[in-house]
Amino acid sequence: MSPAVLTAMQQGLQTCEACGLLSRPAHGADEGHCPRCAEELAFRKPGSLQRTWAFLIAAAVCYIPANMLPVLTTTTAAGAESDTILGGVVLLWSPTGWPLSLIVLIASVMIPIGKIVALVFLLVTVQRGSIKNNEQRIRLYRTVVFIGRWSMVDVFVDTFTAALVQLQPLMAVEPSSGLVFFAAVVVLTMLAAESFDPRLIWDATRSPEISHA
Amino acid sequence: MPDRDKNIPDVPESRTLSRKRTGLSLVWIIPIVAAVIGAWVAVVKVLEEGPTITIRLRSAEGLEAGKTKIHYNGVDVGSVTSIRLTEDHKGVIATVAMVPKTEAFLVEDTKFWVVSPRISGANVTGLGTLISGAYIGMEIGKSANKKRAFEALAIPPVVTGDLPGRFFILKSADLGSLDNGTPIYFRHLQVGQIASYELDKDGRGVTLKVFVNAPYDQYVTPGTRFWHASGIDLSLTATGVSLQTQSVLSMMVGGLAFETPAIGPALPPADPETVFTLYANRTEAFRPPPKNPQTYLLVFNQSVRGLEPGAPVEFRGIPVGQVEDVRAEADTKNFTFSILVTISVDPLRLGVKVSGPGAGSAEQTAVHRQMVDALVSHGLRAQLRTGNLVTGALYVALDLFPEAPPFKVDWSTQPVRIATVPGKFEGIDATVASIVKKLDQVPYQEIGEDLRKTLADVDQTLGSARRTMDHADTLIAPDAALDQELTNTLREMRQAAQGLRLLSDYLERHPEALLRGKKEDSK
């Protein structure tokens, strides 16, 4: 490994994220447009931390109604019944059905909150200028980004169920308001992960020696 | 920056940015919007939170926390959130979360009950709950006082909601075969049903609450009579057999019927909750009610076997009242028993017109006493008569017996006593009894034994007589010695008689011969 870590920012250079052209900001400015493809250029994602915080807070706010409000309303001959996500977990929890219950618990309750917690952790460490466990942190970030798109599965399952189970008047399933908030949580955490600039993790590493410690 | 430029000289310069970035990103609108929506949802949720009530039930059979709903007219107005036992373990308490804006329904006389399939007589209800499971029915009360803790009804009410019609109260001696939901008929149309029934507090009767649907409720007037239409009413009268039924269903499950007597003025419909008497049958229902019953006391010395309370009191065949009470009274001094029979009589039914002011006034009482005095002085007496030869049922007959010993009505006692005369059959009874008693004293056994002995003697006597006769027969046979001797004897007796005649002739002529003896025939 070369002891000297050279970063584009240190060299006053910017990469275009769209066409990959390396360019130099105009004199006296930090940002500009790519001379080749006119993409906006910056040394780091502009306002990354701020935007990530904003999305995260919004996601955390939506997380509460997503779990409090029913996500699914089942109408049968016995009457209408609304179930929250946690209610579904409890409903599925039985000596034989517990693995299914566990899947729902992990996928729908723990992963969204886990994503929020992970991103908050990344933000806090970056803002504090932490230089420890950089590899773990970037791995955490990649995991969050990877999982992000799959969280939407819950919403899809709900909407599919609602579309398929329409056996009026015997039985009908309809999505409820909680589902909107749940979808918002998923989208907002994805946006938050997207806004976060992982390069910030490494920016704190002023000296290359420490980064390899 | 100059050092950067010289290290990598061939890097193009980016174009300058047209706008300047502000310090605070617009992205913060998103969490604000999210927070606002979240807060709004929370506020709506809190506002939508309906009242929580508790319902005490006898058993939670069929109920399930989180599933069982409260229905009012088919609308879901709440759901059971939890079920727990009461502290004394004798019932269960269901906590119910009502939907918003139901506070006005939760008043003192609001009723709850568990709806489950019920099959009772004529009614099959709650069939829907076979599939959906039990739910809690609700009837909204009219009270203004709010209430949160309720007691569920043991039996679902038959009539719920604002069904047009009217409730009436019926008083009956017993329930018979009636039940909740038992139909009520008016001219054989089913027009209502029994809504509820309960035993009177003193246990002396049953109070029924009946519901007559509109528009039939207008036919219930204060003069309407209700009666048991259960089963078959078979009556045997002088005109023949009369059979009355309402319908096959009412024969099976019982029923009530009502009718308003055609005679009399047309009355306005009765007020709701009007109290009526429930009669045992139609005949009884249409028997005119006593207008001004008077109570009298009758004292009998004979057996009153067959005289029941309720037995009629008749005046020459016209029912004028009934027997109220029959009891014995012992006189310990003389050791005599008398039977006191209390009767109630409606003097109006005797055909006596009591004019003047309303019933019960002093003037009318005086008129009434005068009338009774006059009747008694003309021989009005009470008598026990056999009403039914088969059952021996007695009734009290009032009639005029001019030859009866005089009696003065004593108005100071209460109830007033009216003299009695022995019954028609009572007199015959006594005569027959005395004859029977005398007959009873005849020593039939001794007579029989004597007779037997006598007969044996007679038998013997006859035997010896026969022998004697036989003997005599032989003696008097024509060739018997006796016959000849008798002939000889008779001959000799004739000769003797001849001799006596000679003697008497001689003595007639010669009386001295008795002294001197027979003169030698000197001549």
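Conventions used here
- Counting restarts for each chain, with residues numbered from 1 along the sequence as it is written.
- Each chain takes a letter, starting from A, and each ligand takes a number, starting from 1, following the order in which they are written.
- The predicted origin of the model limits local features to residues at a pLDDT of at least 70 and limits the giving and counting of side-chain atom pairs to 80 or more, whereas totals for whole chains, interfaces and linings rest on all residues.
- Segments assigned H or I by DSSP are reported as helices when at least four residues long, segments assigned E as strands when at least two residues long, and all are numbered from the N terminus.
- Counting other C-beta atoms within 10 Å of a residue's C-beta gives its exposure: the residue is buried at 20 or more, exposed at 12 or fewer, and partly exposed in between, where C-beta atoms are placed from the backbone.
- By the convention adopted here, residues make contact when the C-beta atoms placed from their backbones lie within 7 Å.
- Remark: nonpolar core denotes a set of buried Ala, Val, Leu, Ile, Met, Phe, Trp, Tyr and Cys residues whose joining runs through C-beta atoms within 7 Å.
- Should DSSP find at least two bridges between two strands, the strands are regarded as paired.
- Under this scheme, a helix contributes an axis fitted over its contacting stretch, all axes are lines through C-alpha atoms, and angles between N-to-C directions fall in the 0 to 180 degree range.
- The predictor's confidence in any single residue is recorded as pLDDT, a number from 0 to 100.
- Only Asp, Glu, Lys and Arg are considered charged in this grouping, and only Ala, Val, Leu, Ile, Met, Phe, Trp, Tyr, Cys and Pro are considered nonpolar; every other residue, Gly among them, is considered polar.
- Fitting axes to the seven residues that end at a residue and to the seven that start at it, the angle between those axes gives the bend at that residue.
- Angles below 35 degrees are treated as roughly parallel, those above 145 as roughly antiparallel, those between 65 and 115 as roughly perpendicular, and all remaining angles as oblique.
- Crossing handedness is read from the near helix: turned anticlockwise from the far helix by less than a right angle, it gives a left-handed crossing, and turned clockwise, a right-handed one.
- Expected helix span is given by 1.5 Å per residue-to-residue step, counting one fewer step than there are residues.

(A) Local environment of the overall build of chain A. Scanning chain A from terminus to terminus reveals 8 helices and 8 strands. Of all 213 residues assigned to chain A, the portion counted as buried reaches 30%. Considering only residue pairs separated by 6 or more positions, chain A has 63% of its internal contacts joining residues 24 or more positions apart.

(B) Spotlight on the overall build of chain B. If you tally the helices and strands in chain B, you get 10 helices and 26 strands. Each of the 523 residues in chain B was classed as buried or not, and the buried ones make up 19%. Partitioning the contacts of chain B with sequence separation of at least 6, the portion at a separation of at least 24 is 66%.

(C) Region of interest: the nonpolar core. Counting 40 residues, the largest nonpolar core has Ala58(A), Ala59(A), Cys62(A) and Val185(A) as the members making the most contacts within it. Those elements giving two or more residues to this core turn out to be helix 1 (48–68), helix 2 (85–92), helix 3 (98–128) and helix 6 (177–195) of chain A together with helix 2 (29–48) of chain B. Residues in contact with Ala58(A), not counting those within four places in the same chain, are Leu188(A), Ile30(B), Pro31(B) and Ala34(B). Within the second largest apolar cluster, 23 residues are counted, among which are Tyr185(B), Val212(B), Val220(B) and Trp227(B).

(D) Molecular detail of the sheet that holds strand 4 (residues 75–85) of chain B. Residue and element names in this part refer to chain B. Judged by pairing direction, the sheet is mixed, and its 7 strands sit side by side in the order 6-9-3-4-5-2-10 without closing on themselves. Of all the strands in the sheet, the pair left with one neighbour each is strand 6 (111–115) and strand 10 (149–151). Across this sheet, the average inter-strand angle for adjacent strands is 30°, counted without regard to direction. In terms of strand pairing, strand 2 (residues 52–57) meets strand 5 (residues 92–98) through 6 bridges, oriented antiparallel.

(E) The confidence of the model for chain B, seen in detail. Residues and elements named next belong to chain B. Chain-level statistics for chain B give a pLDDT mean of 80 and a share of 84% at 70 or above. Low pLDDT, under 50, characterises residues 1–6; the stretch is placed with 3 contacts to residues that sit more than four places away or in other chains. Here the predicted complex scores 0.49 on pTM and 0.74 on ipTM.

(F) A look at the interface of chain B and chain A. At the junction of the two partners, chain B supplies 27 residues and chain A supplies 33 residues. Those elements that provide at least two residues to the side of chain B that touches chain A are helix 1 (2–7), strand 1 (15–16), helix 2 and helix 3 (129–132) of chain B. It is helix 2 of chain B that contributes the most residues to the side of chain B that touches chain A, 6 residues altogether. Of the residues that constitute the side of chain B that touches chain A, the class distribution is 13 nonpolar, 7 polar and 7 charged.

(G) Broad picture of the sheet that holds strand 14 (residues 206–213) of chain B. All names here are of chain B. Read around the closed barrel, the 7 strands follow the order 11-14-13-12-18-15-19; overall the barrel is mixed. This sheet shows a mean twist of 35° between the axes of neighbouring strands, independent of strand direction. When strand 12 (residues 183–186) meets strand 13 (residues 189–199), the two strands line up antiparallel, connected through 4 bridges. Note that in strand 13 the partner of Phe 186 across the bridge is Leu 189.

(H) Representation of the environment of Pro293(B) within the structure. Residues and elements named next belong to chain B. If you trace the backbone, Pro 293 turns up in the loop between helix 5 (282–286) and strand 20 (294–300). Considered as a pair, Pro 293 and Ile 343 are 50 residues apart in the sequence and their alpha carbons are 9.4 Å apart. Excluding anything up to four places from it in sequence, Pro 293 contacts Gly 321, Ser 344, Val 345 and Asp 346.

(I) Layout of helix 3 of chain A. Residues and elements named next belong to chain A. Maximal helix bending in helix 3 amounts to about 40°, located at Met 110; proline Pro 112 follows within four positions. Within the span of helix 3, buried status applies to Val 104, Ser 108, Pro 112, Lys 115, Ile 116, Leu 119, Leu 122 and Val 126. Of the surrounding secondary structure, the elements contacted by the buried residues of helix 3 are helix 1, helix 2, helix 4 (134–150), helix 5 (152–164), helix 6 and helix 7 (199–203). Trailing helix 3 by a residue or two, Gly 129 shows a phi angle of about 75°, which is positive.

(J) Highlighting the pairing of strand 14 of chain B. All names here are of chain B. Across 8 bridges, strand 11 (residues 165–172) lies against strand 14 in antiparallel orientation. When the sheet's bridge partners are listed, Arg 166 is paired in strand 14 with Val 212. Note that strand 13 and strand 14 share 7 bridges and pair antiparallel. From the neighbouring strand, Leu 199 faces strand 14, where its bridge partner is Val 206. Adjacent in sequence and paired antiparallel, strand 13 and strand 14 are bridged by 6 residues, among which Gly 203 carries a positive phi angle near 75°.

(K) Focus on unusual backbone geometry. With an omega of 0°, the peptide bond between Ala214(B) and Pro215(B) qualifies as cis. Inspection of the secondary structure assignment puts Pro215(B) in the loop between strand 14 and strand 15 (225–228). One non-glycine residue, Asn133(A), adopts positive backbone phi at about 50°. One can find Asn133(A) in the loop between helix 3 and helix 4. The phi torsion at Lys101(B) lies on the positive side, around 65°, for a residue other than glycine. Here Lys101(B) lies in the loop between strand 5 and strand 6.

(L) Fine view of the packing of helix 1 of chain A against helix 3 of chain A. All names here are of chain A. Where helix 1 meets helix 3, the closest approach of the two axes is 10 Å, and the angle between their N-to-C directions is 155°. As far as their axial angle goes, helix 3 and helix 1 are roughly antiparallel. In the packing of helix 1 onto helix 3, the handedness of the crossing is left-handed. Of the residues in helix 3, those in contact with Leu 49, Thr 52, Trp 53, Leu 56, Ala 59, Ala 60, Tyr 63 and Asn 67 of helix 1 are Val 109, Pro 112, Ile 113, Ile 116, Leu 119, Val 120, Leu 123, Val 126 and Gln 127. Residue composition of the contact of helix 1 with helix 3, by class: 14 nonpolar, 3 polar and no charged.

(M) Here's a closer look at helix 8 (residues 444–475) of chain B. Between its first and last C-alpha atoms helix 8 of chain B spans 45 Å; for 32 residues at 1.5 Å apiece the expected length is 46 Å, and the two agree. For helix 8 of chain B, the buried fraction is low: 0 of the 32 residues fall into the buried class.

(N) Just the environment of Val46(B), in detail. Residues and elements named next belong to chain B. Relative to the helices and strands, Val 46 resides in helix 2. Classification of Val 46 as exposed rests on a count of 8 C-beta atoms within 10 Å. Spatially, the C-alpha atom of Val 46 lies 9.8 Å from that of Pro 100, the residues being 54 residues apart in sequence.

(O) Inspection of the pairing of strand 5 of chain B at higher detail. When strand 4 of chain B meets strand 5 of chain B, the two strands line up antiparallel, connected through 7 bridges. In the strand pairing of strand 5 of chain B, Ile83(B) is matched with Ala94(B).

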